[in-house]
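A closer look at the structure
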Amino acid sequence: MTSAGRFAPSPSGELHVGNLRTAILAWLFARSTGRRFLLRVEDLDRARAGAEAAQLRDLAAVGVTWDGAVVRQTDREPLYTAAIGQLAAAGLTYECFCTRREIQEAPSAPHAPQGAYPGTCRGLSTAELEFKRSTRPAAIRLRSSVAEWTVEDVLHGTFTGVVDDFVLRRNDGVTAYNLAVVVDDAEQGIDQVVRGDDLLPSTPRQAYLASLLNMPVPEYAHVPLVVNAHGARLAKRDGAVTLRDLAAVGLPAEAVQRTILESLGLPTASLEAALAVFSPAGLPSGPWVWPGA
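Described in the following lines is the structure provided in the data block. (Residues numbered from 1 in each chain as written. Predicted model: local features only at pLDDT ≥ 70, side-chain atom pairs only at ≥ 80, totals over all residues. Heavy atoms only, no water.)

Concerning the overall build of the protein
Test applied: Labels follow the DSSP assignment, with helices taken as runs of H or I lasting at least four residues and strands as runs of E lasting at least two, numbered in each case from the N terminus. Atoms considered for the radius of gyration are the C-alpha atoms alone. The globule rule reads 2.2 Å times the number of residues to the power 0.38. The buried label goes to any residue with under 20% of its type's maximum accessible area, the exposed label to any with over 50%, and the partly exposed label to all in between, with areas taken from a 1.4 Å probe on protein chains only. Note on contacts: a residue pair is in contact if any heavy atoms of the two residues lie within 4.5 Å. Here, Shrake-Rupley sampling with a 1.4 Å probe gives the accessible areas, and only protein chains in the shown set may cover a residue. Think of it this way: Lys and Arg go in the positive column, Asp and Glu in the negative one, and His and the chain ends go nowhere. One atom stands in for each charge, and that atom is NZ of Lys, CZ of Arg, CG of Asp or CD of Glu.
When its secondary structure is counted, the protein shows 10 helices and 12 strands. Its C-alpha atoms give the protein a radius of gyration of 20 Å, within 12% of the compact-globule value 19 Å for 293 residues. Considering only C-alpha atoms, the protein reaches an extent of 65 × 40 × 35 Å along its principal axes. With 293 residues in all, the protein has 46% of them scored as buried. Within the protein, contacts between residues separated by at least 24 positions form 77% of all contacts whose residues are at least 6 apart in sequence. Summed over its atoms, the accessible surface of the protein is roughly 13600 Å², and 53% of this surface lies on carbon and sulfur atoms. Once the 28 positive and 32 negative side-chain charges of the protein are each reduced to a mean point, those two points are 3 Å apart.

Printed below as a string of structure tokens:
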């Protein structure tokens, strides 16, 4: 299968400038290395009516093109079920009945981040399982055999992060992001993942899971975020940050594209002009403060 990069938005609303900048970077990384560029809609959790169409429209408006049909996670449940079945057959899953509050309040292992799963349900007896099943539905967790895992990132170098017994399927039956993204990337032949650096801490979990499923680990590049004047990650509450809102105040999509490329130190005439000189080594290392926020 031909190698590929991807952009994978969640259709919870319109894309903002930070999302569009990451999409452009993912496109530049993929195209500059001769990879296909795929678009996957991660709609397992939150999908707002009309959001997907708006996102595709806005990506096209800033010059992002993709290969083949758009893929949606809600069409791929059999793949996730098969992966969980593979892990279960190897004794690598267990049922968990903890609430989010119970996990937050439970003591955790030294050096583990807040919210890391402490293993409360890992060793439940048959009787305890039967009782808990009568009280609430179970989530499915990975039975991890490591406490941390190391990945290599094009921009960040070697990164080691915590790996806990993370959720594979929530108790409402929805497949968890960490499993879905690993299965999707492997099945689609995606061997380059470019995304915001806020997702770097979760990457060791995904790479570890890929190793358990005998799936290849992609090349990672976690790019700096776009932030507001206070240094917080840009959000729609920061005002005119979507293409629709920016157009309403006199900034068309072409101008937004130029502004994004300028922030990356690249030629602003077009994405193709930027692609001709693109190099990851030349990218700014810190977050970009959106001038309108």
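Describing helix α3 (residues 77-89)
What counts, and what does not: Helices are assigned an expected span. That span is 1.5 Å times one less than the residue count. The arc under discussion is defined with respect to the helix axis, by the directions toward the C-beta atoms.
Its 13 residues give α3 an end-to-end C-alpha distance of 18 Å, which sits within 8% of 18 Å, the value for a rise of 1.5 Å per residue. Residues of α3 that are buried include every one of Y80, A83, I84 and L87, and no others. Down the axis of α3, the buried set is contained in an arc of 95°. They therefore lie on one face. The outward face of α3, more than 90 degrees from its buried face, is lined by the exposed residues P78 and A89. The elements touched by buried residues of α3 are β4 (93-96), β5 (139-142), β8 (167-169), α6 (177-187) and α7 (203-212). At the C-terminal side of α3, G91 shows a positive phi close to 75°.

Points about the pairing of strand β2 (residues 36-41)
The side chains of a regular strand alternate between both faces of the sheet. Using the following cut-off: Strand pairing requires that DSSP identify at least two bridges connecting the strands. If the strands point away from the viewer and the path from the first strand over the helix to the second runs clockwise, then the crossover is right-handed.
The buried fraction of β2 is high, at 5 of 6 residues. By the bridge criterion, 4 bridges tie strand β1 (residues 4-7) to β2 in an arrangement that is parallel. Of the residues in β2, the one forming a bridge with F7 is L39. In this view, the connection linking β1 to its parallel neighbour β2 by way of helix α1 (residues 17-32) has right-handed handedness. The pairing of β2 with strand β3 (residues 71-72) spans 2 bridges and is parallel. Each residue of the ladder has a partner; that of R40, found in β3, is V71. Crossover handedness for the path β2 to helix α2 (residues 51-61) to β3: right-handed.

A look at the nonpolar core
Condition: Take the buried residues of types Ala, Val, Leu, Ile, Met, Phe, Trp, Tyr and Cys, join any two whose side-chain atoms come within 4.5 Å, and each joined set is a nonpolar core.
Counting 39 residues, the largest nonpolar core has V17, I24, L59, V64, I260 and W290 as the members making the most contacts within it. With residues up to four places along the chain from it excluded, the contact list for I24 reads V62, V64, I260, L261 and L271. With 19 residues, the next largest nonpolar core counts L44, A83, A180 and V181 among its residues.

Side note on the sheet that holds β3
The following threshold applies: To obtain an axis, a line is fitted to C-alpha atoms, over the contacting stretch when the element is a helix, and the angle between two such axes runs from 0 to 180 degrees between their N-to-C directions.
On the basis of which strands lie adjacent, the open sheet formed by 3 strands has the order β1-β2-β3 and parallel pairing. The open sheet terminates on both sides in strands that have one partner only, identified here as β1 and β3. Sheet strands touched by α1: β1 and β2. Its angle to β2, the strand with the most contacts, is close to 145°.

Structural notes on the sheet that holds β5
On the basis of which strands lie adjacent, the open sheet formed by 3 strands has the order β4-β5-β8 and antiparallel pairing. Two strands lie at the open edges of the sheet, namely β4 and β8, each paired on one side alone. When the angles between neighbouring strand axes are averaged without regard to direction, this sheet yields 45°. Judged from the 2 bridges that link them, β5 and β8 form a sheet pairing that is antiparallel. In the strand pairing of β8, I140 is matched with R169. Sheet strands in contact with α3 are β4, β5 and β8, and its direction is about 125° off that of β8.

Regarding the pairing of β5
In the sheet, β4 pairs with β5 via 4 bridges, with the strands oriented antiparallel. Its bridge partner being in β5, Y94 is matched across the sheet by R141.

Any functional reading would require information that these geometric values do not contain.
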